[in-house]
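# Residue-level structural notes
Letter by letter, the chains look like this.
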Amino acid sequence: MVGEMLTEVTEQNFDEEVLSYDLPTFACFITSWCGHCFPTCLVADELVNRYEGRIKFVRIDKEKAPEISDEYHITVVPSIILFQNSRIKRKLLGYQKEGTLRDLLDALLTGVEAPINVSEEHDEEA
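Parameters at a glance
- Residues numbered from 1 in each chain as written.
- Predicted model: local features only at pLDDT ≥ 70, side-chain atom pairs only at ≥ 80, totals over all residues.
- Heavy atoms only, no water.
- Helix = DSSP H or I, 4+ residues; strand = E, 2+ residues; numbered from the N terminus.
- Contact = heavy atoms within 4.5 Å.
- Areas by Shrake-Rupley, 256 points an atom, 1.4 Å probe, with all protein chains shown as cover.
- Axes fitted to C-alpha atoms, helices over the stretch in contact; angles between N-to-C directions.
- Parallel < 35°, antiparallel > 145°, perpendicular 65-115°, else oblique.
- Left-handed = near helix turned anticlockwise from the far one by under 90°.
- Nonpolar A, V, L, I, M, F, W, Y, C, P; charged D, E, K, R; others polar.
- pLDDT = per-residue confidence, 0-100.
- Buried < 20%, exposed > 50% of the residue type's maximum accessible area, 1.4 Å probe, protein only.
- Disulfide = S-S within 2.5 Å.

With that settled, consider the overall build of the chain. Each helix and strand in the chain was counted, giving four helices and five strands. Secondary structure of the chain in N-to-C order comes out as β-α-β-α-β-α-β-β-α. A fraction of 71% describes how many contacts in the chain between residues 6 or more apart in sequence connect residues 24 or more apart. Accessible surface for the chain amounts to roughly 7000 Å². Of this, 46% is attributable to carbon and sulfur atoms.

Encoded structure:
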């Protein structure tokens, strides 16, 4: 099944699995009816092995976790939020190509700002 490599996160375990987790976390917000979520999960599945032990990958169903979705202003699916040290590092809207995500994740791990062209939204609070 697509997205199987991603840890399923709920409102009950979000703090433990994402905010309190030691590694940077790639959180993919999806819904069951979203056509663009399927290829996003495929890309994320491929990235899991590449970044094993360095980045955690999780999947959050927007409709099953409305409080989290509201808190992080998830209005577009798929949306990807990169968390590090309990803070949002990047928020990406819509489908992203694998190469773009690799560049972004490599930059996150090295602490360098990635000059990439993605559909992005910056939260005022981040």
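Turning to the packing of helix 2 (residues 37-50) against helix 4 (residues 98-110), a few remarks are in order. Contact pair helix 2 / helix 4: the axes reach a minimum separation of 10 Å and the direction vectors enclose 40°. Considered as vectors, helix 2 and helix 4 are oriented oblique to each other. The interaxial crossing formed by helix 2 with helix 4 has right-handed handedness. Residue-level contacts link Val43, Glu46, Leu47 and Arg50 of helix 2 to Glu98, Leu101, Arg102, Leu105 and Asp106 of helix 4. Classifying every residue of the contact of helix 2 with helix 4 by side-chain character gives four nonpolar, no polar and five charged.

A cis geometry characterises the amide bond from Val77 onward to Pro78, with omega recorded as -5°. Positionally, Pro78 belongs in the loop between helix 3 (66-71) and strand 4 (79-84). One non-glycine residue with positive phi stands out, namely His73, at about 55°. By the secondary structure assignment, His73 is in the loop between helix 3 and strand 4. Here Ser86, not a glycine, exhibits a phi torsion of approximately 70°, which is positive. Mapped onto the secondary structure, Ser86 falls in the loop between strand 4 and strand 5 (87-93).

Averaged over every residue, the pLDDT of the chain is 87; residues scoring 70 or more account for 87%. Averaged pLDDT values for the elements of the chain fall to 89 in helix 2 and rise to 97 in helix 3. Of the regions scoring below 50 in pLDDT, residues 122-126 engages in nine contacts with residues more than four places distant in sequence or in other chains.

Here we come to the environment of Val48. With respect to the helices and strands, the residue Val48 is situated in helix 2. Look at Val48 and you get buried, because its relative accessible area is 14%. Sequence separation between Val48 and Met5 is 43 residues, and the spatial gap between their C-alpha atoms is 6.8 Å. If we ignore the near neighbours within four places in the chain, the residues touching Val48 are Met5, Leu6 and Phe57.

Below, the discussion takes up the state of the cysteines. For the structure on display, the rule yields one disulfide. There is a disulfide in this structure between Cys34 and Cys37, and the S-S distance comes to 2.5 Å. Taking the sign of the torsion about the S-S bond as the criterion, the disulfide between Cys34 and Cys37, at about 90°, is right-handed. With relative accessibility at 2%, the residue Cys37 sits in the buried group. Free cysteine Cys28: the closest other cysteine sulfur is in Cys41, separated by 4.8 Å. For Cys28, a relative accessible area of 0% translates into the label buried.

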